[in-house]
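Read off the chains here:
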Amino acid sequence: MELTTVWFALIAVLWAGYFLLEGFDFGVGILLPVLARDDRERRLMINTIGPVWDGNEVWLLVAGGATFAAFPEWYATLFSGFYLPLLLILVALILRGVAFEYRGKVDDDRWRRRWDACIIGGSLAPALLWGVAFGNILRGVPLDTRHEYVGGFVNLLNPYALLGGLTTLTLFTLHGAVFLALKTDGEVRHRAGRLAALLGGPVIAIAGGFLLWTGVRHGDPAGWALSGAAALALAGGVAATQFRREGWAFLATGATIVLATFALFVTLFPNVLPSSLADANSLTVTNASSTPYTLTVMTWVAVAFTPIVLAYQGWTYWVFRKRLTAEQIPAAVKESV
Amino acid sequence: MDALDLARWQFGITTVYHFIFVPITIGLSALVAGLQTAWVRTGKEHYLRATRFWGKLFLINFAMGVVTGIVQEFQFGMNWSDYSRFVGDVFGAPLAIEGLLAFFLESTFLGLWIFGWDRLPKKLHLATIWLASIGTLLSAYFILAANSWMQHPVGYTVNPDSGRAELTSIWAVLTNSTTLVTFPHTITACFLTAGALLLAVSAWHLRKGNQEEVFRPGLRLGAWVVLIAGVGVLITGDLQARIMTEQQPMKMAAAEALYQTSEPASFSLFTIGSLDGREEVASVRIPSLLSFMATGSPGGEVEGIDNLQAEYAQRYGEGDYVPYVPVTYWSFRLMIGFGALAMAIAALALWSSRKGRRPANRWLWIAAIATVGMPLLANSFGWIFTEMGRQPWTVFGVFKTAESVSPTVSAGEVATSLIVLTLLYGVLAVIEIGLFLRYARAGAPEIETPSDDPDRPLAFAY
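Residues numbered from 1 in each chain as written. Chains lettered and ligands numbered in written order. Predicted model: local features only at pLDDT ≥ 70, side-chain atom pairs only at ≥ 80, totals over all residues. Heavy atoms only, no water.

A. Molecular detail of the overall build of chain B. Broken down by element type, chain B carries 15 helices and six strands. Taken over the C-alpha trace, chain B has a radius of gyration of 24 Å; the compact-globule value for 462 residues is 23 Å, and the two agree within 12%. Viewed in the frame of its principal axes, chain B has a C-alpha envelope of about 75 × 50 × 40 Å. Put simply, chain B has 462 residues, and 59% of those count as buried. Look at the contacts in chain B between residues 6 or more apart in sequence, and 78% of them connect residues 24 or more apart. A total accessible area of about 17800 Å² is found for chain B, and carbon and sulfur atoms account for 65% of it. (Helix = DSSP H or I, 4+ residues; strand = E, 2+ residues; numbered from the N terminus. Rg over C-alpha atoms; globule rule 2.2 N^0.38 Å. Buried < 20%, exposed > 50% of the residue type's maximum accessible area, 1.4 Å probe, protein only. Contact = heavy atoms within 4.5 Å. Areas by Shrake-Rupley, 256 points an atom, 1.4 Å probe, with all protein chains shown as cover.)

B. Looking closely at the overall build of chain A. Along chain A, the regular secondary structure elements total eleven helices and two strands. Each helix and strand of chain A, ordered N terminal to C terminal, gives the series α-α-α-α-α-α-α-α-α-α-β-β-α. For chain A, the residues scored as buried account for 63% of the 337 residues in total. Expressed as a percentage of contacts within chain A between residues at least 6 apart in sequence, the contacts between residues at least 24 apart total 80%. When the 24 basic and 23 acidic side-chain charges of chain A are each reduced to a single mean position, those positions are 9 Å apart. (Lys, Arg positive; Asp, Glu negative; His and termini not counted. Charge placed at Lys NZ, Arg CZ, Asp CG, Glu CD.)

C. Just the interface of chain B and chain A, in detail. With 81 residues of chain B at the contact, the number on the chain A side is 77 residues. Across the chain B/chain A interface, buried area totals approximately 7200 Å², and carbon plus sulfur atoms make up 71% of it. It is B:Arg85, B:Phe104 and B:Tyr462 in chain B that bury the most area against chain A; as a group they hold 13% of the surface buried on that side. Applying the counting criterion to the chain B and chain A interface returns three salt bridges. A salt bridge links B:Arg164 to A:Glu73, with the nearest nitrogen and oxygen atoms 2.8 Å apart. Seen at the junction of chain B and chain A, the total is 20 residue pairs in polar contact (both at pLDDT 80 or more). Contributions of two or more residues to the side of chain B that touches chain A are made by helix H2 (45-79), helix H3 (81-115), strand S2 (164-167) and helix H15 (411-442) of chain B. Of the residues forming the side of chain B that touches chain A, the biggest block, 25 residues, is contributed by H3(B). The residue inventory of the side of chain B that touches chain A, partitioned by class, reads 48 nonpolar, 18 polar and 15 charged. (Buried area = accessible area lost by both parts, 1.4 Å probe. Salt bridge = Lys/Arg side-chain N within 4 Å of Asp/Glu carboxyl O. Polar contact = N/O pair within 3.5 Å; in protein donor to acceptor, adjacent residues only side chain to side chain. Nonpolar A, V, L, I, M, F, W, Y, C, P; charged D, E, K, R; others polar.)

D. Inspection of the packing of aromatic side chains at higher detail. Residues and elements named next belong to chain A. Counted by the stated rule, this structure contains 60 aromatic pairs over all chains. Each residue in the set Phe8, Trp15, Tyr18, Phe19, Phe26, Phe71, Trp74, Trp130, Phe134, Phe172, Phe265 and Phe269 is aromatic and connected to the rest through ring pairs, giving one cluster. For the cation-ring pair, arginine 217 lies above tyrosine 160, with the distance from its terminal atom to the ring centre recorded as 4.6 Å. Geometry around tryptophan 318 places arginine 321 over its ring, the cationic atom sitting 3.9 Å from the centre. (Phe/Tyr/Trp six-rings, centres within 6.5 Å; stacked < 30°, edge-to-face > 60°. Lys NZ or Arg CZ within 6 Å of the ring centre and 35° of its normal.)

E. Fine view of the environment of B:Gly426. Considering the arrangement of structural elements, one finds B:Gly426 in helix H15. Taking the C-alpha atoms as reference points, B:Gly426 and B:Tyr17, separated by 409 residues in sequence, lie 9.7 Å from one another.

F. Geometry of a nonpolar patch on the surface. On the surface, B:Leu269, B:Phe270, B:Ile272, B:Val281, B:Val284, B:Ile286, B:Trp330 and B:Leu334 cluster together to form a nonpolar patch covering roughly 680 Å² of accessible area. Residue position: B:Ile286 is located in strand S4 (residues 280-286). (Patch = residues over 30% accessible without salt bridge, like charges linked within 9 Å, V, L, I, M, F, W, Y side chains within 5 Å.)

G. Layout of the packing of helix H6 (residues 177-207) of chain B against helix H13 (residues 373-388) of chain B. Residue and element names in this part refer to chain B. Relative to each other, H6 and H13 sit at 155°, their axes nearing to 8 Å. Judged on the interaxial angle alone, H13 and H6 are roughly antiparallel. Of H13, the residues touching H6 (which contributes Ala189, Leu192, Thr193 and Ala196) are Pro375, Leu376 and Asn379. Its residues assigned to classes, the contact of H6 with H13 comprises five nonpolar, two polar and no charged. (Axes fitted to C-alpha atoms, helices over the stretch in contact; angles between N-to-C directions. Parallel < 35°, antiparallel > 145°, perpendicular 65-115°, else oblique.)

H. Spatial organisation of the nonpolar core. The biggest cluster of nonpolar side chains holds 224 residues, and the ones touching the most others in it are A:Trp15, A:Trp130 and B:Trp54. Residues contacting A:Trp15, with those up to four places away along its chain left out, are A:Leu60, A:Ala63, A:Trp130, A:Phe134, A:Thr261 and A:Phe265. In this structure, B:Ala241, B:Met252, B:Met293 and B:Val302 belong to the second largest nonpolar core, which totals 14 residues. (Core = buried A, V, L, I, M, F, W, Y, C linked by side-chain atoms within 4.5 Å.)

I. Inspection of the pattern of salt bridges at higher detail. Evaluation of the coordinates by the stated rule reveals 29 salt bridges over all chains. What you see here is one network of salt bridges that share partners, running through A:Asp39, A:Arg42, A:Arg103, A:Asp107, A:Asp109, A:Arg112 and A:Asp116.

J. Geometry of a positive patch on the surface. Residues B:Arg207, B:Lys208, B:Arg362 and B:Arg441 make up a contiguous surface patch of positive charge. Since its relative accessible area comes to 37%, B:Arg207 is described here as partly exposed.

K. Seen up close, the pairing of S4(B). All names here are of chain B. Two elements, strand S3 (residues 267-273) and S4, share six bridges in a ladder whose sense is antiparallel. In the strand pairing of S4, serine 268 is matched with arginine 285. Here S3 hands over to S4 after six residues, with glycine 277 in that stretch at a positive phi of 75°. (Pairing = 2+ DSSP bridges.)

L. Focus on a negative patch on the surface. A cluster of like negative charges, contributed by A:Glu327, B:Asp452, B:Asp453 and B:Asp455, occupies part of the molecular surface. On the secondary structure map, B:Asp453 appears in the segment after H15. Accessibility expressed as a relative area gives 40% for B:Asp453, which makes it partly exposed.

M. Main features of unusual backbone geometry. In this structure, A:Pro270 follows A:Phe269 across a cis peptide bond, with omega equal to 0°. Turning to its location among the elements, A:Pro270 is positioned in the loop between helix H10 (246-268) and strand S1 (271-273). The linkage connecting B:Gln391 with the following residue, B:Pro392, adopts the cis geometry, with an omega of 10°. Looking at the secondary structure, you find B:Pro392 in the loop between H13 and strand S5 (393-395). Even without being glycine, A:Arg244 reaches a positive phi, approximately 55°. One can find A:Arg244 in the loop between helix H9 (221-242) and H10. In this structure, B:Gln211 is a non-glycine residue whose phi angle is positive, near 35°. Its location among the elements puts B:Gln211 in the loop between H6 and helix H7 (212-247).

N. Structural detail: the pairing of strand S1 (residues 156-159) of chain B. Residue and element names in this part refer to chain B. Here four bridges tie S1 to S2, and the two strands are oriented antiparallel to one another. In the sheet register, asparagine 159 faces S2, and the bridge partner there is arginine 164. The hairpin turn running from S1 into S2, its antiparallel successor, is four residues long, and glycine 163 in that turn takes a positive phi close to 70°.

O. Molecular detail of the packing of helix H6 (residues 109-139) of chain A against helix H7 (residues 159-183) of chain A. Residues and elements named next belong to chain A. Closest axis-to-axis distance for the H6/H7 pair is 7 Å, and the angle between their directions is 140°. In terms of axis orientation, H6 runs oblique to H7. Handedness of the H6/H7 crossing: right-handed. Of the residues in H7, those touching H6 at Leu124, Ala127, Leu128, Gly131, Val132, Gly135, Asn136, Leu138 and Arg139 are Tyr160, Ala161, Leu162, Gly164, Gly165, Leu166, Thr168, Leu169 and Phe172. A breakdown of the residues in the contact of H6 with H7 according to their chemical character gives eleven nonpolar, six polar and one charged. (Left-handed = near helix turned anticlockwise from the far one by under 90°.)

None of the figures reported here should be taken as evidence of function without further support.
Encoded structure:
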């Protein structure tokens, strides 16, 4: 296999990992005002992702870094082209990250409510915008002969991409609800399970619609196959939520996210950013890539260290595997305690 | 202002801001790990209380370092896409490696450390903070390797067909002589910064007679760290100056506003005159010092700005190759000055608190508390100097800043981003400082014995 293909696949894996992991983080944030009735329950929800959200977000940073290293032209065009949406994502991720750390540090209702708003908005915006971004990548954007984006902001707001945004938003919300049902006990678990069962139908309609549209638009056989598998996994997950099989439901929504991400990347291949103006202007794995030497170096680094990273990140999930209950959440912190 | 100026302002503001939190993270993570090690080995409670106290301040600071770091990675592509196109093959590699080796390590193990107090065995829990600390050092190494490549590009060729830089030796990039001096210079400065934080916060408490058992050792430890790290900063800074003179002589000349090549060259402590230092009314000078800093010999020749400008114009074509001298001249002095001042205060604090003594002088207490800001200023001026001193280049001698900016991003878009991020950073600074002071004032916690009940409340929760 060509090294450019390997790196395209690796970047697909990084995005799939990012969506799989931060997907439920976003879902937990989005559901904060829906599933919790009081502050202790809000804290219970936040603490289910407390030890892991930061590590989960690193998948995004590594995906960005890997794109820079392996496909500089892709990184350059994508990041300068999707300027304002990325700025919004940055602001959201900044507020959200700080909110997790600072929310519990002052025992004051107004203080907590403000940070809650940051967590909710900071989870909702990226969950929507990543889908819009990927919708546009698949759809193709106006690139000139120098592979520069010449479309402006409004161009990014088209029905297909917006449906993509709605897909990630609803799918991550479902994934978050399923995660909360699995990781908590008591009232929140019950409510999360009920909500997940309720969300199932709409998510199938939206995500199914987006994958169908993608398949019809591109007609890529492997893409169809992966989309089909994602749809099956989603159906299975939704069924599992009906029967309150929490572990199975989480595995299934996780598989849905991973398979759907792979479906999008396989459909995109060998393009990395198609041009809607002329095929010759498209960025592909070949014309956007780094040199074979750089890709070789990066491959060795990835081969050597990815297993280690996966092992210790997996171990973290093992350490914090127990369900949390509202009773385990300590009283609001005093600075001196 | 056009998109280029705005993008430069944004890079300057976001980078200086990010680097307020980074050195505290790097230095304090190791100091907290050291204190926790002392507790695990001796079982003395005051070490545990110190670990918890400094650990809390560390975490308040760490959150800001993390979130402002995301901006750093994104803005290369957003504002500097032509730079990214040109250097991606070389510059992207250390960035990606930094993510895979360092970011995962620090974030994962810090999560384990924060939430693992009552869930991990004592020694394993101790290992998590050390691993997080190692992660911060690795991160520093790779990002400094990337920056050093901009100062002194090695291990690459420019492909004449694509016009882009291509990596020929990753080993050369990772062992760049510039990296090898910049890394220890930066890391010792990080420890100086963290030491000053310990010194200042401890002094604030000791002055009021609070928790002597925690803050007296804190003051002494902080002051020693400032002194020892400060000596390291001086030695590595001296090595760096010599390498800089070799690799970027214009930066050294701009550091002194030295227009004519001189042998020997004197170093001015300060100058009163025109802003760019060309006309001088009065100055305080130390003879031969610049020669010594630049070449290691008091009689060495130091090239001047005018000579270098003529030389560069010949080599690289017509153009202005002189950095903005008022900034390079003063930032260089302020960097050294604030670092040295912090060291002097630390030495005084050590002397006047020797053998259980308590400093009586009110001004010494105030100075010790004020030390907290000095290394932060020194760090900022250091980066402003080294980045502004490289201008007009992004990659010295190879690629110019004016060619680096994103061609399709409008001035309006960059202005939006600059305003949004600056306002956001401003608000967050107020919140962060408020929280930091609140927790610093609260002092070290009392230790409660944890229960063995499996459903006990978490030792730590958001």
